[in-house]
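Architecture and fold: a report
Given next are the chains, with one letter for each unit.
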Amino acid sequence: MLASHAGTTEYMLTRVVFAQCFRLYCQLTAVGLVVVFQMTNENPSKGLAMTGASVTEKTSTNNPLEQFVLLAKTAKGAAAVELIKQAVEAPGVNVFGELLDMPNIKELENGPYAEYWNTLNLFAYGTYKQYLANKDKLFHLTPVQKKKLQHLTIVTLATKSKCIPYSVLLEELDLKNVRDLEDLIIEAVYADIIHGKLDQKNSQLEVDYAGLGRDVRPGDTGAVAEILTAWGEACDTVLNCIEQQVLRANSEKQKATQHQEKLKQEIQAVRKSITAHTVRGVVQEADVAGGGIESGSGGSETSREAVPVPPDTKKKQQKPKGIRGSGKFWKT
């Protein structure tokens, strides 16, 4: 029992240390995100230089968007339009924030190519339903581009709910039957876009987590900070609960130790009592046995001295011969 208490205490202490480190890491991450977003909003070009150029040299092989960001430095007009088409269709490119921040891409916002800017902005922040509602302001999407936007829409829905009903998915993705919906979800799972399972019995998608994150609008940084703050408070609550459990476990361990010591003392006292009683009984038996032998030998001698020898009964019965021979019966 004590070993289990000790193991539980060590495990809880390990969890406390991990929770503290993880909470600190999350707080630092939240602060870092807020600072980056603030710097980007204040000076987009500087933010791009910090988050784009330096990172490009280190992660160009791991970031599929990086090649489009590099090409956007020199592409203008029709070349920038073609670059946007390729970016929204390229496999593995699911975030577009860095591309939107490029000056040559921003120039398309208020020109004859505004629909391409709007479409790129939709892929960064929007959903497929918004595409259907604003087709006149966007360029026509190819089947591959439509499927990518539908996958991104599923990611957006997963951030709002972990169990998404089929009815919501059919409406948001503009699909007519469940078979096509399930095929689309399976493709998203195999593409590592989301992780979850299909609950056909309840007609819903159960999302474990999203395999990618979408772009965050500059105006949503406050909401992100609030979410991270709430999460940090939740971590504090969990940490306090763990600390209380540790105190309770230590208290129970101390009580168990004291109880064990008390039991040991009681066992020792009982053993001593049993040993003393046994020794006392053996001594008494030995004394009784020795006294019986001595009294038995002395008593025999006394009995021999005290008990007189009984007279011979035959001698008492003998009478003088003369009297018996001369005896007469007298009559009156």
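Whatever comes next refers back to the structure up there.
Summary of the structure given here. Please read all numbers here as calculations on a predicted model, not as lab measurements. (Residues numbered from 1 in each chain as written. Predicted model: local features only at pLDDT ≥ 70, side-chain atom pairs only at ≥ 80, totals over all residues. Heavy atoms only, no water.)

**A word on the pairing of strand 2 (residues 194-199)**
Stated formally: Here the rule is simple: two strands pair whenever DSSP picks up at least two bridges between them. Labels follow the DSSP assignment, with helices taken as runs of H or I lasting at least four residues and strands as runs of E lasting at least two, numbered in each case from the N terminus.
Note: strand 2 against strand 3 (residues 204-210), six bridges, orientation antiparallel. The residue of strand 3 that forms the bridge with K197 is E206. The hairpin turn running from strand 2 into strand 3, its antiparallel successor, is four residues long, and S203 in that turn takes a positive phi close to 55°.

**Here's the deal with the nonpolar core**
Put simply, the test is: In these notes, a set of buried Ala, Val, Leu, Ile, Met, Phe, Trp, Tyr and Cys residues joined through side-chain atoms within 4.5 Å is what counts as a nonpolar core. Categorising residues by exposure relies on relative accessible area from a 1.4 Å probe, with only protein chains included: less than 20% of the type maximum marks a residue as buried, more than 50% marks it as exposed, and the intermediate range marks it as partly exposed. Residues are treated as being in contact if the distance between any of their heavy atoms lies within 4.5 Å.
Ranked by size, the top nonpolar core spans 52 residues in total, and within it L99, I105 and L169 carry the most contacts. With seven residues, helix 7 (residues 114-125) is the largest single contributor of residues to this core. In contact with L99, other than residues within four places in its own chain, are L65, F68, V69, A72, L83, A87, I105 and L120.

**Topic: the sheet that holds strand 3**
Keep this limit in mind: Comment: axis = line fitted to C-alpha atoms, over the contacting stretch for helices; angle = value between 0 and 180 degrees taken between N-to-C directions.
Across the sheet, three strands lie side by side as 1-3-2; this open sheet has antiparallel pairing. Since the sheet does not close on itself, it has two edges, and those belong to strand 1 (163-165) and strand 2, each with one partner. Across the sheet, the mean angle from the axis of one strand to that of its neighbour is 25°, orientation sign disregarded. The pairing of strand 1 with strand 3 spans three bridges and is classified as antiparallel. Of the residues in strand 3, the one forming a bridge with I164 is L205. Strand contacts of helix 11 (residues 178-190): strand 2 and strand 3, with the helix running at about 150° to strand 2, the strand carrying the most contacts.

**Topic: the packing of aromatic side chains**
Between two aromatic rings, the relevant description is the distance of the centres plus the angle of the planes. To keep it simple, the criterion reads: Working definition: rings of Phe, Tyr and Trp (its six-membered ring) pair if their centres are within 6.5 Å, and the pair is stacked with planes under 30 degrees apart, edge-to-face with planes over 60 apart, and tilted otherwise.
Across all of its chains, the model carries four aromatic pairs by this definition. Ring plane angle 80° and centroid distance 6.0 Å describe the contact between F96 and F123, whose orientation is recorded as edge-to-face. Remark: F123 occurs in helix 7 and F96 occurs in the loop between helix 4 (78-89) and helix 5 (97-100); sequence separation between them is 27 residues. Comparing F96 with F123 shows no difference in burial state: the two are buried. Consider the rings of Y128 and Y131, whose centres lie 5.7 Å apart with planes at 40°: the pair is tilted.

**Describing helix 7**
Counted only if it meets this: Multiplying one less than the number of residues by 1.5 Å gives the expected span of a helix.
When the terminal C-alpha atoms of helix 7 are compared, their 16 Å separation across twelve residues agrees well with the 16 Å that a helix rising 1.5 Å per residue should span. Counting buried residues along helix 7, nine of its twelve residues qualify, which places the element largely inside the surrounding structure. Burial in helix 7 covers these residues: A114, Y116, W117, T119, L120, L122, F123, A124 and Y125. Those residues of helix 7 that are buried lie in contact with helix 4, helix 5, helix 6 (103-106), helix 8 (128-133) and helix 9 (143-160).

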